[in-house]
Amino acid sequence: MKNLRTVITAALVIALSSLGLGAASAADSTAKHCTGTSGTAAPATRAAAQPVTVWLAGDSTMAHPGSARCPVGWGSQFDALFTADVTVRNQAVGGRSIQTWLYEGNVSGTKGSDGECRLTSTAYSARWQAMLNASTGMKAGDYLFIQFGINDSSSTCPRHVGPARYRQLMTTMVQAALARGAHPVLLTPVAAITCSGGTATKNRGFVNETFAVGSATGAPVVDLQSLSVSLYNSLHFCPHNGDYGSGPVGAFFCNDHTHFETYGAQRIAGLVAGDVRRQNLPLAGHLG
């Protein structure tokens, strides 16, 4: 009986050993298949792209549409051009200059001795305070697109902004973004449609000021005025008979020749995205 138990025990040990060796061999075979015959470790799985928020600050040509069909700001069409890891937060508001956007309700209707609209308080608007919030606002790796210069050219307060004040306020916004590790991108104001014979022409100010801030701070500049005028010429919008409610111009613009229908907003958003790609900004890697 003892000899029988010994034989059975030995048989079990052999069987179990064979199973262990088989499992080990299978594991070795799988490892070699994944790593190659060199035995080096397989490359790490590519990390998922980090979420990026693109913040937009500007006027009605960038803003989300209201209850009416027109205008539609190009910023409302920007999100669709990116991959799913990008969120566009459009904080553009119609009728704002850079100063009234920053100091909503605190810009008076009178000018000071310097020719600038007086501030009744230096408290920032709720929208800018939200973007500066350390927990929920701009974070490292985000982008801040800044486009003003249309309403700023008003001669009267509260919208009036002079060239030096414009540079100062845009620089303030750029520095705030940089301090949070975000990437500021400046845009010259998008053009309305005006014709000189058969040629669309530029019609916005604050272009030099925008480039000056870009040069001083290192922020890239998208020359949206030049890009938009070039697009209008490629689409043969000029000469024009002044009817902005029909034809190709009517499909692109509202009847005020300044703001955009959905199609026009999509084309302008495409110009911005195209220049992001042309300048090889890191954000271009997130374009769809």
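Everything below is about the structure printed above this text.
Residues numbered from 1 in each chain as written. Predicted model: local features only at pLDDT ≥ 70, side-chain atom pairs only at ≥ 80, totals over all residues. Heavy atoms only, no water.

1. Details of the pattern of salt bridges
Here is step 1 of the chain: Enumeration over the complete set of coordinates arrives at five salt bridges.
Here is step 2 of the chain: A salt bridge links Arg-69 to Glu-261, with the nearest nitrogen and oxygen atoms 2.4 Å apart. One end of the pair, Arg-69, is in the loop between strand S1 (52-58) and strand S2 (86-90); the other, Glu-261, is in the loop between helix H7 (247-252) and helix H8 (262-278), and 192 residues separate them in sequence.
Here is step 3 of the chain: With relative accessibility at 62%, the residue Arg-69 sits in the exposed group. (Salt bridge = Lys/Arg side-chain N within 4 Å of Asp/Glu carboxyl O. Helix = DSSP H or I, 4+ residues; strand = E, 2+ residues; numbered from the N terminus. Buried < 20%, exposed > 50% of the residue type's maximum accessible area, 1.4 Å probe, protein only.)

2. Things to note about the state of the cysteines
Here is step 1 of the chain: One pass over the structure, following the stated rule, counts three disulfides.
Here is step 2 of the chain: Disulfide partner of Cys-70: Cys-254, at an S-S distance of 1.6 Å. Residues Cys-70 and Cys-254 are joined by a disulfide whose S-S torsion is about -90°; by sign, that bridge is left-handed. Here Cys-70, found in the loop between S1 and S2, pairs with Cys-254, found in the loop between H7 and H8; they are 184 residues apart in sequence, far enough to count as distant.
Here is step 3 of the chain: We classify Cys-70 as buried; its relative accessible area is 18%.
Here is step 4 of the chain: By relative accessible area, Cys-254 is classed as buried at 6%.
Here is step 5 of the chain: Two residues share a disulfide in this structure: Cys-195 and Cys-238, whose sulfurs sit 1.9 Å from each other. In this structure the cystine formed by Cys-195 and Cys-238 twists about its S-S bond by roughly -75°; its chirality is therefore left-handed. Residue Cys-195 is found in strand S7 (residues 195-196), and its partner Cys-238 is found in the loop between helix H6 (224-234) and H7; the two are separated by 43 residues along the sequence.
Here is step 6 of the chain: A relative accessible area of 8% means that Cys-238 is categorised as buried.
Here is step 7 of the chain: Counting only the cysteines that form disulfides, in the order they appear in the chain, gives the pairing 1-6, 2-3, 4-5. (Disulfide = S-S within 2.5 Å.)

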